Amino acid sequence: MNTMNREGKILQLIENDSLFSMSSINIEREFKFAERTSWLASPTTPKFFLECLELLREDDTKPNPWNILHSRYFGDIESLVSSLGGLACGPKLQEIDERAERLGELLSNCKSLNLASQKIAEKTGADANELYDEILADLPYVHFNVMVKAEALFPDLVFPVLDVMFYCYENGGIPFGVYGQQMDPNYVGPLKVLYLSN
């Protein structure tokens, strides 16, 4: 999938308020990548999402889906993006930055993200505004920003975690972390992108 195609789809999903419906998918789906570990898009509940958030608040060094996603996977990709940016790619890099910023502006007015936080709050007793302000408002901005930049700068590279996460977003799920051996030394199997579902 080329950059403009994916970026266009993100814009369309935001404009149509069809992101974050938390209803389109609720089954596990496996993704195979040539000569790489396979991945799963794996549904989980609002209750588990909040439990992970509590763990993060208590100790942000303890393995949990959030810090594994951001430190191990996003950290590597952002480092690549940053390294290339450091080579002063000029107008091309500026154009990519502007596009990522535009996505952020659109997301800040996306009604369905607010509705998703209300759905989670109803099911868990959490405070919807706090949930939105503290975590949900940041997640897609960071994710889409990295997706747009990575695919524009490295069009020939495959980043499995980004492909699986985009599948979740495109189908109304909210991906929030990765489950694997770092969380459970006894776990044997594909890496999982966990996403919120009803």
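Structure: above.
The model shown is predicted, which means the values in this text are computed figures rather than measured ones.

What counts and what doesn't
- Residues numbered from 1 in each chain as written.
- Predicted model: local features only at pLDDT ≥ 70, side-chain atom pairs only at ≥ 80, totals over all residues.
- Heavy atoms only, no water.
- Helix = DSSP H or I, 4+ residues; strand = E, 2+ residues; numbered from the N terminus.
- Rg over C-alpha atoms; globule rule 2.2 N^0.38 Å.
- Buried < 20%, exposed > 50% of the residue type's maximum accessible area, 1.4 Å probe, protein only.
- Contact = heavy atoms within 4.5 Å.
- Salt bridge = Lys/Arg side-chain N within 4 Å of Asp/Glu carboxyl O.
- Core = buried A, V, L, I, M, F, W, Y, C linked by side-chain atoms within 4.5 Å.
- Pairing = 2+ DSSP bridges.
- Axes fitted to C-alpha atoms, helices over the stretch in contact; angles between N-to-C directions.
- Arc of directions from axis to C-beta.
- Parallel < 35°, antiparallel > 145°, perpendicular 65-115°, else oblique.
- Left-handed = near helix turned anticlockwise from the far one by under 90°.
- Nonpolar A, V, L, I, M, F, W, Y, C, P; charged D, E, K, R; others polar.

A. Main features of the overall build of the chain. Counting its secondary structure elements, the chain contains eight helices and four strands. Counted from the first residue to the last, the chain has its helices and strands arranged as α-β-β-α-α-α-α-α-α-α-β-β. A globule of 198 residues ought to have a C-alpha radius of gyration of about 16 Å, and the chain, at 16 Å, matches this closely. Once the C-alpha set of the chain is aligned to its principal axes, its extents read approximately 50 × 40 × 30 Å. Looking at the 198 residues of the chain, the share that counts as buried comes to 48%. Long-range pairs, those at least 24 residues apart, make up 74% of the contacts in the chain with a sequence separation of at least 6.

B. Inspection of the pattern of salt bridges at higher detail. Per the counting criterion, the structure on display carries nine salt bridges. Notably, a salt bridge pairs E51 with K47, separated by 2.8 Å at the nearest N-O pair. Residue E51 and its partner K47 are located together in helix α2 (residues 46-58), separated by four residues, close to a single helical turn. According to the relative accessible area criterion, E51 is partly exposed, its value standing at 39%. Between R57 and E130 there is a salt bridge, with the nearest N and O atoms lying 3.5 Å from each other. Of this pair, R57 sits in helix α2 while E130 sits in helix α6 (residues 128-136), and the two are 73 residues apart along the sequence.

C. Local environment of the nonpolar core. Of all hydrophobic cores here, the largest spans 61 residues; its most connected members are F20, W39, F49, L136, V161 and L162. Look past the residues within four positions of V161 in its chain and what remains in contact with it is W39, L69, Y73, I77, V178 and V193.

D. The arrangement of the sheet that holds strand β1 (residues 29-31) in detail. Reading across the sheet, the four strands line up as β1-β2-β4-β3 and stay open at both edges, with mixed pairing between neighbours. The sheet is open, and its two borders are formed by β1 and β3 (174-179), each paired with just one other strand. The sheet shows a mean angle of 30 degrees between the axes of neighbouring strands, taken without regard to direction. Two strands pair when backbone bridges link them, and β1 and strand β2 (residues 39-44) are joined in this way by three bridges, in the antiparallel orientation. Residue pairing for β2: E30 is matched across the bridge by L40.

E. Broad picture of α6. Within the sequence span of α6, burial applies to A128, L131, Y132, I135 and L136. Down the axis of α6, the buried set is contained in an arc of 115 degrees. They therefore lie on one face. Facing away from the buried surface of α6 by more than 90 degrees, the exposed residues are N129 and D133.

F. Up close: the packing of helix α4 (residues 91-107) against helix α7 (residues 139-153). Across the interface, α4 lies against α7 with an axial gap of 9 Å and an inter-helix angle of 155 degrees. Overall, the two elements α4 and α7 adopt an arrangement that is roughly antiparallel. Taken as a pair, α4 and α7 cross one another with a handedness that is right-handed. From α4, K92, L93, I96, D97, R99, A100, L103, G104 and L107 reach across to α7, where they touch P140, Y141, F144, N145, V148, K149, A152 and L153. Of the residues belonging to the contact of α4 with α7, the class tally is 11 nonpolar, two polar and four charged.

The analysis is restricted to geometry; functional conclusions fall outside its scope.
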